[in-house]
Amino acid sequence: MNYLQACRYGGACALAVSILAGCTQPAPQDAPAAIPVAAATLAPAPLQLSDDLPGRVAAVRVAEIRPQVGGIVLRRLFEQGSEVKAGQPLFQMFQINPAPLKADADTAAAALQRAEAALTRARAQTARLQPLVETDAVSRQVFDDAVSLRDQAAADVAQARAALARRRLARIQQIDQVYVDVRQPAAALESVRRTLAAQPEAADRGLPVALLRNDGKPYDETGRILFSGINVDAGTGDVLLRVLVDNPNRQLLPGMFVRARVPRASYAGALTVPQQAVVRIGGKPQVWTVDAKSHARLAAVELGELAERRYRIQAGLKAGQKVVVEGMERLSEGALVAAAPARR
């Protein structure tokens, strides 16, 4: 083969190689990997919501035993703090004219009321001067005088209360049943009424209320809200709820402070999601869901109450949907996900 033939042959081979190379398809790119997430399937479940509110125990009935006539008490026929029965004699005394003693008791009661009013006024004056003296708007002497008047008024109240107590003999309280008076915002009253309407069996007996000790453990006794005893405090606008409690073991004593677990709302089949599943975009709550083809979808939701770190869903989701609980920070609309069951 001469040189010219060799060149022609080489060119033909190069052309064939280039044609074959042009016919070869490019290698396909790898499909994007699915993003691992943890998801939970929505299922309706009963939901009971309540508020733990402070309450104070009061006797159902109180009778003040006052002397109706002046005289000397010869003997007390009961032990202080013990139980007494109807018709049981309490005192043995020589009785004389009752009018002077009653007048003394009324005078002592009026003195106590006047002393308490003075104390309230002195406390308010001290509270008003406190921020002013800290900014040097009033002198320290003016503030010290106000504090002195407040302390003197407190002493006058104690003295008047002791004087009134000397004119009383005994107090009888019925404590086999007691009241627990609870305050809550007036706006919460409507939800309590809705809860009552959802439980017709409680219409006659009242809504059950659990009473809690200081350590959070419940008392054995359970109370019930008396809707006939609801009042509104004109000063604060709070609703005063009266809870009636059977107290056979005398565990609840007048004057004690307890916490009352008052029902707020009841749902037969509520949809709830963990608090961390809710993301806010532009201030609006949204939730990542997983569709039937394992693609991530962002859904706007309306949130209800937050209880035990779970939101109740009012609208936007339905039972059976999968909600992303962990791993949503890597998601985008339509992204392929590999959903594993979320930990409880």
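In what follows, the structure referred to is the one given above.
To start, this report covers the structure provided alongside it.

Rules used throughout
Residues numbered from 1 in each chain as written. Predicted model: local features only at pLDDT ≥ 70, side-chain atom pairs only at ≥ 80, totals over all residues. Heavy atoms only, no water. Helix = DSSP H or I, 4+ residues; strand = E, 2+ residues; numbered from the N terminus. Buried < 20%, exposed > 50% of the residue type's maximum accessible area, 1.4 Å probe, protein only. Contact = heavy atoms within 4.5 Å. Areas by Shrake-Rupley, 256 points an atom, 1.4 Å probe, with all protein chains shown as cover. Core = buried A, V, L, I, M, F, W, Y, C linked by side-chain atoms within 4.5 Å.

Description of the overall build of the chain
- Of the regular secondary structure elements, the chain holds four helices and 17 strands.
- Across the 344 residues in the chain, those meeting the buried criterion constitute 30%.
- Residue pairs at least 24 apart in sequence account for 72% of intrachain contacts in the chain once pairs closer than 6 positions are excluded.
- For the chain, the exposed surface amounts to about 22,300 Å²; the carbon and sulfur share of it is 54%.

Some remarks on the environment of Pro44
- With respect to the helices, strands and loops of the structure, Pro44 is situated in the loop between strand 1 (35–41) and strand 2 (45–65).
- Pro44 sits 276 residues away from Gly320 along the chain, and the two C-alpha atoms are 9.1 Å apart.
- Apart from the residues within four sequence positions on either side, Pro44 is in contact with Gly269, Ala270, Leu271 and Ala319.

With respect to the side chain of Asn247
- Residue position: Asn247 is located in the loop between strand 8 (238–246) and strand 9 (257–270).
- For Asn247, a relative accessible area of 0% corresponds to the buried category.

Concerning the nonpolar core
- Among the nonpolar cores identified, the biggest contains 23 residues, and Val180, Val182, Leu211, Ile225, Leu241, Leu252 and Val262 are the most heavily contacted of them.
- The contacts of Ile225, once residues within four sequence positions are left out, are Val192, Gly206, Leu207, Val209, Leu241, Arg242, Val243 and Val262.
- Of all hydrophobic cores here, the second largest spans 13 residues; its members include Leu42, Ala277, Ile313 and Val323.

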